[in-house]
Amino acid sequence: MPRDAGDPAGSGRGSRGRPTRKRWVYGVLMACCLVLFVCAWAFVRLWSVPAAIGMCVVAMVIPPTAVIIANLGEPGASWPEDEEDDGRSDER
């Protein structure tokens, strides 16, 4: 995960030692994914196999979405390559 200004060591914790918002959202999404899988095959399949399969399809989409959300940059932030590029070429 990207570092934030209050996290110089890159531990994923903010300046007060609490997890950052992105890390918290990622954890919630992954917990929802696990709950969907477990409920689908432990309980829901007894009443409706298509519903259990649908729940698993939804759970299958959550991890890539969670990674994309966790790796989003802050609004207005630039890529590291953009900060180093001053528009001049290395050849002279």
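Here we summarise the structure given alongside this text. These numbers were taken from a predicted model, which means no experiment stands behind them.

A closer look at a nonpolar patch on the surface
Among the surface-exposed residues, Phe 37, Val 38, Trp 41, Val 49, Ile 53, Val 57, Met 60 and Val 61 lie close enough to one another that they form a single nonpolar patch of about 710 Å² accessible area. Those elements that place two or more of their residues in the nonpolar patch are helix H1 (21-42) and helix H2 (49-70). Positionally, Val 49 belongs in helix H2. Of the residues examined, Val 49 reaches a relative accessible area of 41% and is grouped as partly exposed.

Examining the environment of Ala 51
Position of Ala 51 relative to the elements: it lies in helix H2. The class for Ala 51 is partly exposed, based on a relative accessible area of 34%. C-alpha separation for the pair Ala 51 and Ala 40, spaced 11 residues apart in sequence, amounts to 7.7 Å.

Comments concerning the packing of H1 against H2
One way to put it is that H1 packs onto H2 with a least axis distance of 9 Å and a crossing angle of 165°. Taken as axis vectors, H1 and H2 run roughly antiparallel relative to one another. The hand of the H1/H2 crossing is left-handed. Counted by class, the contact of H1 with H2 contains 23 nonpolar, no polar and 1 charged residues.

The rules behind these values
Residues numbered from 1 in each chain as written. Predicted model: local features only at pLDDT ≥ 70, side-chain atom pairs only at ≥ 80, totals over all residues. Heavy atoms only, no water. Patch = residues over 30% accessible without salt bridge, like charges linked within 9 Å, V, L, I, M, F, W, Y side chains within 5 Å. Areas by Shrake-Rupley, 256 points an atom, 1.4 Å probe, with all protein chains shown as cover. Salt bridge = Lys/Arg side-chain N within 4 Å of Asp/Glu carboxyl O. Helix = DSSP H or I, 4+ residues; strand = E, 2+ residues; numbered from the N terminus. Buried < 20%, exposed > 50% of the residue type's maximum accessible area, 1.4 Å probe, protein only. Axes fitted to C-alpha atoms, helices over the stretch in contact; angles between N-to-C directions. Parallel < 35°, antiparallel > 145°, perpendicular 65-115°, else oblique. Left-handed = near helix turned anticlockwise from the far one by under 90°. Nonpolar A, V, L, I, M, F, W, Y, C, P; charged D, E, K, R; others polar.

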